[in-house]
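Observations on the model geometry
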Amino acid sequence: MSIEICNVSKTFDSFKALNDISLSIQTGELVALLGPSGSGKTTLLRIIAGLETADQGSIIFDGEDNTSKSTQDRKVGFVFQHYALFKHMTVFENIAFGLRVRPSKFRPSKEAIKKKVHELLELVKMEELANRYPSQLSGGQRQRIALARALAVEPKVLLLDEPFGALDAKVRKDLRRWLRKLHDEYPITSVFVTHDQEEALDVADRIVILNQGKIEQIGTPEEVYDNPANPFVYNFLGNVN
Ligand code: ADP
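1. Some details on the site of the ligand
The environment of the ligand is formed by Phe 12, Phe 15, Ala 17, Pro 36, Ser 37, Gly 38, Ser 39, Gly 40, Lys 41, Thr 42 and Thr 43. Take Gly 38: an N or O atom from its main chain is 2.8 Å from an oxygen atom of the ligand. When the ligand sits alone it has 560 Å² of accessible area, and the protein chains cover 60% of it. Sorting elements by how many residues they give to the shell around the ligand places helix α1 (residues 41-49) first, with three residues. Across the shell around the ligand, the residue classes tally to four nonpolar, six polar and one charged.

Shown next as structure tokens:
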């Protein structure tokens, strides 16, 4: 599904978090929103998801205006920075949640839900852990479950807020390779927030660099690496964060 972000602005109190952002994302792209802390990345992601409303501008999915649609109606999967799993539910129940809360007309049967959850557990390589609770899992395992949960509703758009930020280097690398593979195999469009330039360069099809609520640069990893618009913030040679 393509995403068209048209002239989006957002002010908190008198602070302009996003200042006239326009961006086109093609179907199937994996786009990184990169930028320093406070540059507006999460706010933009939440506006695409419908978790936050823009003061101005519109969000178009496949040519259809979604600006005033609810998150549920936008059919997006959202992965939060700190997993946000339900503590009192097992892994199975966490993944099944989005399917069970559907209106009865759209709710799959118990058997279909079970089948789907097991497919997703296989996809994130967590088949053995269906009956565990989140407190019994490592950070990497929790994030895999959060990914499976986001994918349960078969979203055409997957939005991820610093999905691997809290994990150690090896797990981060495994999960970002997994995300790349998911992209190469499934028809899904994804936007992920990161402040880690190496992560963006490693997996994204395109990188959008935000700075102080504005787009500073858009390009492929090669383009932004070879010719950074703001070498003082991103020199892509050493890490400046
Ligand atoms: P980033 O994800 O790039 O770190 P954010 O989008 O989270 O940036 O935030 C951009 C700016 O907007 C920050 O200065 C932040 O403090 C402010 N901000 C974000 N959400 C809120 C909110 N709900 N209320 C007030 N200010 C907010």
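From this point, things continue past the structure.
2. Overview of the sheet that holds strand β7 (residues 157-161)
Across the sheet, six strands lie side by side as β6-β7-β8-β3-β9-β10; this open sheet has mixed pairing. A strand with exactly one partner marks an edge of an open sheet, and here the two such strands are β6 (76-79) and β10 (214-219). Neighbouring strand axes in the sheet, compared pairwise and without regard to direction, differ in orientation by 15° on average. Along the sheet face, α1 touches β3 (30-34), β6, β7, β8 (189-194) and β9 (206-211) and points at about 150° away from the line of β7. Along the sheet face, helix α5 (residues 139-151) touches β6 and β7 and points at about 165° away from the line of β6.

3. A word on the sheet that holds strand β4 (residues 56-61)
Across the sheet, which stays open at both edges, the four strands sit in the order β2-β1-β4-β5 with antiparallel pairing between neighbours. Bordering the open sheet on either side are β2 (15-25) and β5 (64-65), each of which pairs with just one other strand. As paired elements, β4 and β5 share two bridges and run antiparallel to each other. Note on β5: the bridge partner recorded for Ile 60 is Asp 65. Running over the sheet, α1 touches β1 (3-12), β2 and β4 and is turned about 120° from β1.

Criteria and cut-off values
Residues numbered from 1 in each chain as written. Predicted model: local features only at pLDDT ≥ 70, side-chain atom pairs only at ≥ 80, totals over all residues. Heavy atoms only, no water. Near = heavy atom within 4 Å. Polar contact = N/O pair within 3.5 Å; in protein donor to acceptor, adjacent residues only side chain to side chain. Areas by Shrake-Rupley, 256 points an atom, 1.4 Å probe, with all protein chains shown as cover. Helix = DSSP H or I, 4+ residues; strand = E, 2+ residues; numbered from the N terminus. Nonpolar A, V, L, I, M, F, W, Y, C, P; charged D, E, K, R; others polar. Pairing = 2+ DSSP bridges. Axes fitted to C-alpha atoms, helices over the stretch in contact; angles between N-to-C directions. Contact = heavy atoms within 4.5 Å.

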